[in-house]
Amino acid sequence: MIRAAKLLGLAGLLLATALLVDQGIASVFSAVAAAGLGTLWAALFHLVPMIVNARAWQLLAAGADRPGLMRFTWWVWMREAVNGLLPVARVGGEVVAASLLMRHGTRRAFTVAPLVVDMTL
């Protein structure tokens, strides 16, 4: 599974590089430069609700052995990345988040509860 993920990641990186070269590196960089700091500010602003969401998930985790805020932020980030990339009605990210939570050793009830609360809100 990990080997396949690495191979797919490498394939994605090669595809992105090929697209960058095909479109012209100079034109891509000039478009990024034209966007200016607005793109950076938008990305930083989006980080705030993600951290708040991660903290809410962390508060739902009972016990002293709950994962740290950085780990929850990473899980929220992965969930949003999958939801943004896959056209599966914003469900694929929740499946990935549940999988990551269960791999960390969380109970099934805790894994499902934050997802249901988050999707409901």
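Quick note: structure is the one above.
Calculation rules
Just so you know, the residues in each chain are numbered from 1, in the order the chain's sequence is written. A pLDDT threshold of at least 70 governs which residues receive local features in this predicted model, and a stricter bar of 80 or more applies before side-chain atom pairs are shown or counted, although totals over entire chains, interfaces and linings include all residues. As a rule here, side-chain values cover all heavy atoms of the structure and leave hydrogens and water aside. A run of H or I in DSSP becomes a helix once it reaches four residues, and a run of E becomes a strand once it reaches two; helices and strands are each numbered from the N terminus. Expected helix span is computed as 1.5 Å times (number of residues minus one). Only protein chains enter the calculation, and the probe is 1.4 Å; a residue is then buried if its accessible area is under 20% of its type maximum, exposed if over 50%, and partly exposed in between. Here a residue-residue contact requires only that any non-hydrogen atoms of the pair lie within 4.5 Å. Like charges within 9 Å and nonpolar side chains (Val, Leu, Ile, Met, Phe, Trp, Tyr) within 5 Å are joined into patches, using only residues over 30% in relative accessible area that form no salt bridge. To measure how exposed things are, a 1.4 Å probe is used in the Shrake-Rupley method; for residues, cover is taken only from the protein chains shown. Definition used for salt bridges: Asp or Glu carboxyl oxygen within 4 Å of a side-chain nitrogen of Lys or Arg. What is meant by a nonpolar core is a set of buried Ala, Val, Leu, Ile, Met, Phe, Trp, Tyr and Cys residues, joined one to another through side-chain atoms within 4.5 Å.

Chemist: Would you take a moment to explain helix H3 (residues 37–60) for this structure?
Modeler: Think of an α-helix as 3.6 residues a turn; residues three or four steps apart then line up on the same face. Along its 24 residues, H3 runs 36 Å from first to last C-alpha, staying within 8% of the 34 Å computed at 1.5 Å per residue. Among the residues making up H3, those that are buried are Met50, Asn53, Ala54, Trp57 and Gln58. Packed against the buried residues of H3 are helix H4 (69–85), helix H5 (92–103) and helix H6 (108–120).

Chemist: Whenever I open this one, a nonpolar patch on the surface confuses me. Can you help?
Modeler: The grouping of Leu37, Leu40, Trp41 and Leu44 at the surface amounts to a nonpolar patch, some 460 Å² of accessible area in total. Inspection of the secondary structure assignment puts Leu44 in helix H3. The class for Leu44 is partly exposed, based on a relative accessible area of 41%.

Chemist: I keep staring at H6 and nothing clicks. Help me out?
Modeler: Spanning 13 residues, H6 covers 18 Å between terminal C-alpha atoms, matching the ideal 18 Å at 1.5 Å per step. For H6, the elements touching its buried residues are H3, H4 and H5.

Chemist: What's the story with the nonpolar core in this structure? I'm lost.
Modeler: Here is a general trend for soluble globular proteins: nonpolar side chains tend to be buried in one another's company. Counting twelve residues, the largest nonpolar core is built from Met50, Ala54, Trp57, Ala61, Phe72, Trp75, Val76, Ala97, Ala98, Leu101, Phe110 and Leu115. Of all elements in the fold, only H3, H4, H5 and H6 reach the threshold of two or more residues within this core. Once residues lying within four places of it in the same chain are set aside, the contact partners of Trp57 are Phe72, Arg79, Ala97, Leu101, Phe110, Pro114, Leu115 and Asp118.

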